[in-house]
Structure formats: C-alpha cells, structure tokens
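The lines below spell out each chain.
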Amino acid sequence: MPSSPVVIGVDSSTQSTKAAVIDAESGRVLAVGRSPHTVTGEGGARETDPQVWWGALCEAVASALDESGVPASAVAAIAVAGQQHGLVTLDAAGRPLRPALLWNDTRSAPQATALVRALGGADAWLARTGSVPVASMTATKWQWLRENEPETADAAAAVRLPHDFLTERLAGTAVTDPGDASGTCWYSTATGAYDPELLSLVGLDPALLPAVAASGAERIGSLTRPAAEALGLPEGIAVAAGTGDNMAAAVGLGLGGAGLLDHPVVSLGTSGTVFAATRTRPSSPALAGFATTDGGHLPLACTLNCTLAVDKVAALLGLDREDAEPGGEAVLLPYLDGERTPDLPHASGLLTGLRHTTTPRQLLGAAYEGAVFTVLRALDELPLGGGDGEPRGPGAQARPLTLIGGGARGRFWVDTVRRLSGRPVLVPQSEELVALGAAALAAGAASGRDPVAVATAWGTGRGRELPAVPRDEGARRRIEDVLGDVTGRARRSDG
Ligand SMILES: Nc1ncnc2c1ncn2[C@@H]1O[C@H](COP(=O)(O)OP(=O)(O)O)[C@@H](O)[C@H]1O
Ligand SMILES: O=C(CO)[C@@H](O)[C@H](O)COP(=O)(O)O
C-alpha cells in the first residue's frame with residue numbers, strides 16, 4: 001500500500017469507462033476499474049444516455065478503489081477525460097433532456113455542409129476554429145437538434161461535452177478546458193475563447209456553455225457531498241477541469257507544453273486517430289486543428305471505423321481477431337459507420353479484388369489494412385518539425401509511431417501498422433494512457449505541478465520499440481486506388 005497520496009484518472013470513452021487508481025509519486029497503477037456503456041441508434045444515429053456514463057463512472061471508481069486496497073482517505077484528487085464532441089443538453093436541474101449525440105453520429109452531415117458554406121468556406125473555419133466542421137463536431141449536432149427537435153433545443157438550460165458533464169457532477173461547477181472546447185467548432189483556437197459570431201451562427205446562447213479553464217489540470221472545485229457519497233470518496237478532494245480523451249492521452253505520453261513536440265501518435269480504439277503536439281498551428285482541411293489541454297496545438301485526424309469495425313468483420317467471417325493474414329489483392333474499406341476521414345458520412349463498407357484464391361483470413365487482414373491505411377494516410381498532413389520545435393527535417397519520417405488504444409494490444413494491429421507505415425513503432429507499457437493522462441491532470445490539480453512533467457516523471461510513455469519493416473507499397477497502392485475512386489465518386493455526386 002502506498003504511503004504517498006493517490007489520484008484517480010477516469011477515461012469515459014465510447015465503449016466503456018475505465019478508472020485508474022495511481023500512486024501520485026511514482027505513477028504506479030494500483031488498480032483499474034471498468035464499466036461498459038450502451039450505444040444505441042441505427043443508420044447514422046449513435047446515442048448514449050449521459051446517466052449511463054455517470055453510473056459507469058461511479059461503478060468503475062468504486063471497483064478500482066476496492067481492488068487497489070487503498071483507503072478512500074488516501075485519494076487526493078480526481079479528473080475525467082471523455083470522448084470528444086458529444087452533445088449533452090440539460091434542463092435547469094442538470095438532468096439530460098435526451099440522450100447525448102455522440103462523435104460518431106453522422107446525422108448532422110447536411111448541417112456540417114451548410115455551416116461550411118454559411119461562413120464562406122473551409123478556409124474561414126480553419127482560420128477561426130482550426131477545423132472544418134464535419135458531422136462529428138458539436139456545433140453541427142446542435143444545429144441538427146435545432147432543426148429536428150426544436151422543442152429540446154429551446155428547452156436546453158445548459159449545453160455540455162461528455163467530460164465536462166461528468167466533471168460538473170463531481171464538483172458542481174460548469175467548467176471545460178481548451179482541449180475539449182477545441183472540438184466544438186464554436187471555440188476559437190486563434191483567440192482561446194468562445195467565438196461569439198460562430199455561436200450566433202448556430203443560435204446558441206453563450207450563457208448555456210461552461211467556462212473554459214486555463215488547462216485541464218486547473219483545480220476547478222472540490223468533490224461535493226452527493227458525488228462523494230456516490231463514489232465512496234472523501235468530500236472536498238480536488239477536482240481538475242479534465243479534458244477530451246485524445247488530449248489526455250497526449251498528457252499521459254508527456255506531449256505538449258514543456259514536454260515532447262512533433263512525436264506522432266496513432267490510437268486504435270472505436271475511433272482511429274493520429275495526432276502530435278506541435279509548435280505549428282495546423283491549417284489543413286484534412287486535419288482537425290485541436291488544442292492540447294493547456295491551449296497548445298494538437299493537430300489530429302480521426303476515423304469512425306477502427307477496432308469495432310474490424311471486430312465486426314471478424315465476427316461476420318466467424319474468425320478470431322488474430323486469425324488474419326495480409327489481404328493480398330483484396331481491398332476492404334470497413335466504413336460500416338460512414339466515414340469522417342476522408343469525409344464520407346454516407347459511405348458503407350466496400351470490398352473489391354476478390355479472387356477464387358482469396359481466403360477468409362485474407363479478408364479479415366484486408367479489413368485491418370483498410371482501417372490502418374485510412375489512419376496512416378493522414379499522418380503526412382501533420383505539421384511535424386524535426387523534433388521539439390525544430391524545423392521539419394528528415395528525422396520527422398524516421399521517428400517511431402507511438403501506438404496506443406485497445407488495438408495496440410493486438411498483434412495483428414501492431415503488425416499491420418508496422419507493415420503499412422514502414423516506420424518503427426513504440427508500444428507503451430502502460431495500457432490505459434487516457435486514464436493515466438487524466439490522473440496526471442488530477443495530480444496537477446492537487447499539487448500545482450505541470451501535468452505533462454508529472455506524466456514524464458511517471459514514465460507512462462515508456463515501452464518497447466519495434467524496428468521498422470519494409471513498407472508494403474503494393475497494399476498501400478491498392479488501397480489508395482480504391483479510396484481515390486470512392487472519394488472521386490462522392491465528390492461527383494455532391495457537386
Ligand atoms: N487484446 C486485444 N487485441 C486486439 N484488440 C483489442 C484487444 N483488447 C481490446 N481490443 C480492441 O480495443 C477496442 C477498445 O479500445 P479502447 O481504446 O478502449 O476503445 P474506446 O476508447 O473507443 O472505448 C475494442 O473495440 C477491441 O476491439
Ligand atoms: O472524435 C474523436 C476525436 O476527434 C474520437 O477520438 C472520440 O474522442 C472518441 O474516442 P474513442 O472512444 O475512440 O477513444
């Protein structure tokens with residue numbers, strides 16, 4: 001049992017909540033509690049009742065604390081990192097008016113197109129928010145709600161993101177952070193504040209939004225008595241502002257601020273993401289120009305179809321997820337949920353290149369390749385310098401890709417990333433980087449220390465480095481050709 005204080009970091013992501021109990025001095029993971037979420041919806045709809053997140057958080061924290069054997073009195077602070085972008089609407093008593101629209105709900109694709117036009121095109125959005133609205137962004141979801149359920153939009157007394165909804169349940173204070181705010185498309189990464197013109201464009205009263213803390217590690221209040229009773233924790237411990245899940249992973253890996261810059265990360269979860277903390281402000285329509293939790297730059301690209309889509313293909317084929325081999329001539333784009341990168345919200349899965357000789361294992365391998373290549377394709381767009389802010393140099397290509405998320409535990413995922421990238425891959429030893437990043441924010445709130453420095457001292461980003469293997473140019477070319485056809489067809493039918 002540790003003699004130093006412990007902190008709790010919570011990862012409330014799409015499929016589940018994970019709560020990690022961490023020794024605040026050493027960063028040792030004492031226990032992780034887990035509780036699943038329910039995602040409902042057909043077609044483009046993807047929703048979860050925010051009460052489910054709260055119930056899962058209480059369960060995951062209680063189970064982690066129990067497993068750790070640490071007395072509740074040793075816990076000094078808590079922070080939540082959550083799936084980005086989801087739209088939570090509350091009544092005046094803080095009760096959800098309807099289930100949250102999740103980041104992978106594509107119903108607001110028409111609203112995204114209309115908003116891009118309304119501001120005069122993609123460049124205008126890039127200049128203000130750093131990102132071009134797609135169906136994932138919160139502003140498009142709010143606009144969808146106004147158009148499709150105006151009575152709910154009119155009744156909203158508060159609008160929240162998943163992580164700040166949960167943080168408010170902990171501390172009774174409505175606060176978000178620059179990182180998660182940067183995924184709304186009503187927050188300007190240029191000014192570091194909500195953009196009044198964009199709020200007026202989507203008819204949202206700024207009074208409905210939480211305040212924006214300077215960083216996810218800011219102590220925004222103390223655990224209230226009702227929350228303390230629900231969680232089995234002491235009333236009054238520090239609550240940090242928290243952040244979005246990708247921003248927390250960056251903290252957990254020691255990226256941003258005085259930590260590492262220009263180190264690319266690939267996360268394989270429900271979403272596939274690629275991101276880096278950079279000195280350069282991104283300005284590419286192929287990237288979301290998000291912020292780190294303290295307002296630095298975190299350019300990121302995100303796909304809708306990663307581990308869940310590939311697991312579905314494995315289930316359809318009756319195969320175990322590791323029962324795969326390279327796809328050969330087969331190309332499978334597993335866009336079961338539509339796609340966000342590239343922006344194909346109405347796409348479905350596509351299989352080409354079948355031969356008499358194609359095996360089920362190759363079909364599954366082709367699904368891995370389609371999912372991984374779609375993520376890696378965005379890698380070249382990241383405005384990476386030569387390391388720690390130096391100008392771009394040949395070193396940027398050779399630097400290892402850090403691989404995180406549930407998929408990083410899978411041998412075939414790791415092999416596919418190595419084969420399609422041709423780069424060395426670093427798999428951190430710690431499996432719960434988002435929860436660890438949140439724990440570093442909690443430690444920062446309790447001690448006033450920089451959370452990136454805390455995570456760096458904990459060594460949470462350390463792991464095994466796998467050398468580069470020759471890049472599979474054939475597979476890359478085959479997938480790129482099919483993607484080119486698909487995106488070309490989508491553009492023609494749009495225009
Ligand atoms: N050992 C494993 N091998 C391969 N994939 C795994 C393994 N364990 C978990 N996963 C995948 O990880 C996914 C969950 O990852 P996670 O990053 O926790 O997702 P999310 O943050 O979206 O909830 C699951 O969809 C599952 O397919
Ligand atoms: O939308 C994005 C990033 O922009 C997603 O990365 C969500 O933040 C959900 O993450 P996971 O549940 O897949 O971790």
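All figures in this text were calculated on a predicted structure; none of them were measured in a lab.

Novice: What is the right way to read the UniProt feature "binding site: substrate" (unreviewed entry) in the chain from this model?
Specialist: UniProt's entry tags Gln-84 and His-85 with the feature "binding site: substrate" (unreviewed entry), counted in the numbering of this structure. Residue contacts for Gln-84: discarding those within four places in its chain leaves Trp-103, Asp-180, Gly-183, Gly-244, Asp-245, Asn-246, Met-247, Phe-290 and Leu-300. Counting through the fold element by element, His-85 comes out in the loop between β5 (75-82) and β6 (88-90). With residues near it in sequence (within four places) discarded, His-85 still touches Trp-103, Ser-136, Met-137, Thr-138, Lys-141, Leu-161, Asp-180, Gly-183, Phe-290 and Arg-340.

Novice: I would appreciate a short explanation of unusual backbone geometry in the present structure.
Specialist: Peptide bonds are, in most cases, trans, and in most cases residues other than glycine have a negative phi. With an omega of 0°, the peptide bond between Thr-341 and Pro-342 qualifies as cis. With respect to the element layout, Pro-342 can be found in the loop between β20 (331-333) and β21 (350-352). Positioned with a positive phi, His-85 is a non-glycine residue whose angle comes to about 75°. Residue classification places His-85 among the buried positions, given a relative accessible area of 3%.

Novice: Where do I start with the site of ligand 2 in this structure?
Specialist: Around ligand 2, 15 residues are found, and the nearest of them are Thr-14, His-85, Asp-245, Ser-271 and Arg-340. Contact between ligand 2 and Arg-340: an oxygen atom at 2.8 Å from a side-chain N or O atom of the residue. Out of a free accessible area of 370 Å², ligand 2 has 93% covered by protein chains. Of all elements in the fold, only α10 (245-252) and β19 (297-303) reach the threshold of two or more residues within the shell around ligand 2. Class assignment of the residues belonging to the shell around ligand 2 gives a composition of 4 nonpolar, 9 polar and 2 charged.

Definitions and cut-offs
Residues numbered from 1 in each chain as written. Chains lettered and ligands numbered in written order. Predicted model: local features only at pLDDT ≥ 70, side-chain atom pairs only at ≥ 80, totals over all residues. Heavy atoms only, no water. UniProt positions renumbered as here; feature names shortened; annotations may be inferred. Contact = heavy atoms within 4.5 Å. Helix = DSSP H or I, 4+ residues; strand = E, 2+ residues; numbered from the N terminus. Buried < 20%, exposed > 50% of the residue type's maximum accessible area, 1.4 Å probe, protein only. Near = heavy atom within 4 Å. Polar contact = N/O pair within 3.5 Å; in protein donor to acceptor, adjacent residues only side chain to side chain. Areas by Shrake-Rupley, 256 points an atom, 1.4 Å probe, with all protein chains shown as cover. Nonpolar A, V, L, I, M, F, W, Y, C, P; charged D, E, K, R; others polar.

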